[in-house]
Amino acid sequence: MDDPSRPAPASAEGFDAYFDLTVQPLLDALEAKRAKRIRLIVILLATGLAFFAVILFQAITRQNQASGLFDNQAVGLGVFALMFGPLVAAFLMYRGLTQAFKEVLTGRICEFYGFDHRMGGFDFPLERFDALLPPYGQAKLEDRIAGKHKGLGFELCEVALTRRSAKSDTKNKTAFTGVLLAVDCHRRFEGETVLTPDWGPKGNLVERLRQQGERVQFEGIVFENAFEVYSTDQLEARYLLSPLMMERIVGFADNLGNGRGIGLAFSQGQLLLAVRRRRGAGRFEAGHLFARVDNWRERAERVSGEIHAVLQIVDALRLEKD
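The notes below deal with the structure included here. Remember, it's a predicted structure, so these values are computed and weren't measured experimentally.

A short note on the overall build of the protein chain
Along the protein chain, the regular secondary structure elements total 7 helices and 9 strands. Per-residue burial for the protein chain yields a buried fraction of 43% across its 322 residues. Counting only contacts in the protein chain whose residues sit at least 6 apart along the sequence, the fraction spanning at least 24 positions is 67%. Per element, the accessible surface of the protein chain, about 18100 Å² overall, is 55% carbon and sulfur.

Next comes the structure, spelled out in structure tokens:
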């Protein structure tokens with residue numbers, strides 16, 4: 001049964017009333033600030049681009065001249081500062097504006113569900129996901145959402161992982177972008193069981209070398225063709241990945257439309273899930289703010305739907321209590 005203390009789903013009538021009474025007034029107050037901030041941002045962008053045009057003009061014309069405006073180092077540095085300064089200021093101002101709207105939109109919707117939302121400055125057990133993530137050098141985490149659903153505690157966040165490019169010592173290469181989800185299972189695991197996408201013969205060989213457990217084979221043809229399983233306890237792995245659980249995992253991958261986009265692990269009493277996202281498919285975002293926004297309810301329903309989808313994942317991949 002559903003926890004009676006939980007708020008109604010986002011599609012229920014209660015959400016509409018909550019949005020009108022709590023969220024919309026806060027968005028309206030921000031809208032007045034948005035219009036002024038956007039005008040200033042446009043001015044800053046125009047200023048930066050104007051000085052960029054000056055720099056470009058000088059670079060073209062000085063090829064045919066013995067001297068140019070930037071022969072004086074102080075003048076050159078000043079022009080560069082006048083170009084980059086406004087552009088950086090515009091970027092920071094726009095980011096601050098989007099974060100303010102996100103704090104209201106995503107934060108208040110999480111509050112409706114009874115969840116805690118933090119955009120940054122939080123702790124997250126990233127190291128527990130090492131078996132599911134590729135090697136990386138730097139990690140950027142944002143939008144942590146935590147709470148309880150049907151008695152199961154969970155926390156998730158968006159993460160972007162980068163590593164040094166093999167072709168360059170200065171450029172970073174994206175290793176992983178997506179959502180990480182940890183769900184308390186209320187049970188102790190004797191070993192660690194890890195499920196990864198089937199990367200093909202070469203990729204699976206590399207994966208097998210970095211995993212602690214041994215390869216576990218299953219009879220389900222569809223499941224075996226899509227995933228590889230490694231475990232330090234073969235018996236427990238077969239118990240955890242029952243035919244029903246395998247069916248749920250395959251169904252979840254089909255719904256994503258990307259079988260190689262998920263990894264899953266049972267470790268330290270938690271179910272861990274890594275979902276790789278497609279480029280440009282950020283979650284829990286407020287959207288662009290350059291023009292007046294008249295569809296806040298639609299955006300709120302989208303964010304609410306994304307949160308509700310997370311709860312459906314918890315439901316679909318839950319372990320039945322003993």
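Regarding the sheet that holds strand 8 (residues 262-267)
Sheet architecture is open: 9 strands sit in the order 1-2-3-4-9-8-5-7-6, paired in antiparallel fashion. With partners counted over all chains shown, the strands left at the sheet margins are strand 1 (116-118) and strand 6 (214-216), one partner each. Taken over all neighbouring pairs, the strand axes of this sheet differ in orientation by 20° on average, direction set aside. The sheet contact formed by strand 5 (residues 193-197) and strand 7 (residues 227-231) spans 5 bridges and is antiparallel. Its bridge partner being in strand 7, T196 is matched across the sheet by E228. Contacting strand 5, strand 6 and strand 7, helix 3 (residues 200-210) runs over the sheet at an angle of about 15° to strand 7.

So, helix 7 (residues 296-316)
Residue pairs three or four apart in sequence face the same way in an α-helix, which turns once every 3.6 residues. Between its first and last C-alpha, helix 7 extends 30 Å over 21 residues, near the 30 Å set by a 1.5 Å rise per residue. Inspection of helix 7 places W296, R299, A300, V303, S304, E306, I307, V310, L311, I313, V314 and D315 among the buried residues, and these make up the whole buried set.

As for helix 3
Among the residues of helix 3, those classed as buried are G200, N204 and E207. The arc enclosing the buried residues of helix 3, seen along the axis, measures out at 60°, which places them on a common side. In helix 3, the exposed residues that point more than 90 degrees away from the buried face are P201, K202, L205, V206 and L209. Tucked into the core, helix 3 has its buried residues touching strand 5 and strand 7.

Re the nonpolar core
Grouped together as the largest cluster of nonpolar side chains are 58 residues, with contacts concentrated most on F154, L181, F223, L241, I249, L273 and L317. Other than its neighbours up to four places away in sequence, L317 contacts M245, R248, I249, F252, L264, L271 and L273.

Quick word on the pairing of strand 7
Burial within strand 7 is extensive, with 5 of its 5 residues counted as buried. Neither face of strand 7 is exposed, since F227, V229 and S231 on one face and E228 and Y230 on the opposite face are all buried. Judged from the 3 bridges that link them, strand 6 and strand 7 form a sheet pairing that is antiparallel. If you follow R215 over to strand 7, its bridge partner there is Y230.

Observations concerning the pairing of strand 5
Of all 5 residues making up strand 5, 5 are buried, and the element is well covered by its neighbours. Alignment of strand 5 against strand 8, held across 3 bridges, turns out to be antiparallel. Bridged to T193 within strand 8 is F266.

A closer look at the side chain of E228
Structurally, E228 is set in strand 7. Judged by its relative accessible area of 5%, E228 falls in the buried class. When sequence neighbours within four positions are dropped, the list of residues in contact with E228 reads V194, L195, T196, P197, D198, N204, R208 and R215.

Observations regarding the pattern of salt bridges
Taken as a whole and judged by the stated rule, the model has 14 salt bridges. Across the salt bridge formed by E111 and R108, the nearest N and O atoms sit 3.3 Å from each other. Here E111 pairs with R108, and both are found in helix 2 (residues 73-113), just 3 residues apart, close to one helical turn. According to the relative accessible area criterion, E111 is partly exposed, its value standing at 44%. On the basis of relative accessible area, R108 is assigned to the partly exposed category, the value being 29%. R118 is the partner of D116 in a salt bridge, and the nearest nitrogen-oxygen pair spans 3.4 Å. Take R118: its relative accessible area is 43%, and that puts it in the partly exposed class. Through salt bridges with shared partners, one network takes in D116, R118, R144 and E155.

Reading guide: rules and limits
- Residues numbered from 1 in each chain as written.
- Predicted model: local features only at pLDDT ≥ 70, side-chain atom pairs only at ≥ 80, totals over all residues.
- Heavy atoms only, no water.
- Helix = DSSP H or I, 4+ residues; strand = E, 2+ residues; numbered from the N terminus.
- Buried < 20%, exposed > 50% of the residue type's maximum accessible area, 1.4 Å probe, protein only.
- Contact = heavy atoms within 4.5 Å.
- Areas by Shrake-Rupley, 256 points an atom, 1.4 Å probe, with all protein chains shown as cover.
- Pairing = 2+ DSSP bridges.
- Axes fitted to C-alpha atoms, helices over the stretch in contact; angles between N-to-C directions.
- Expected span 1.5 Å × (residues − 1).
- Arc of directions from axis to C-beta.
- Core = buried A, V, L, I, M, F, W, Y, C linked by side-chain atoms within 4.5 Å.
- Salt bridge = Lys/Arg side-chain N within 4 Å of Asp/Glu carboxyl O.

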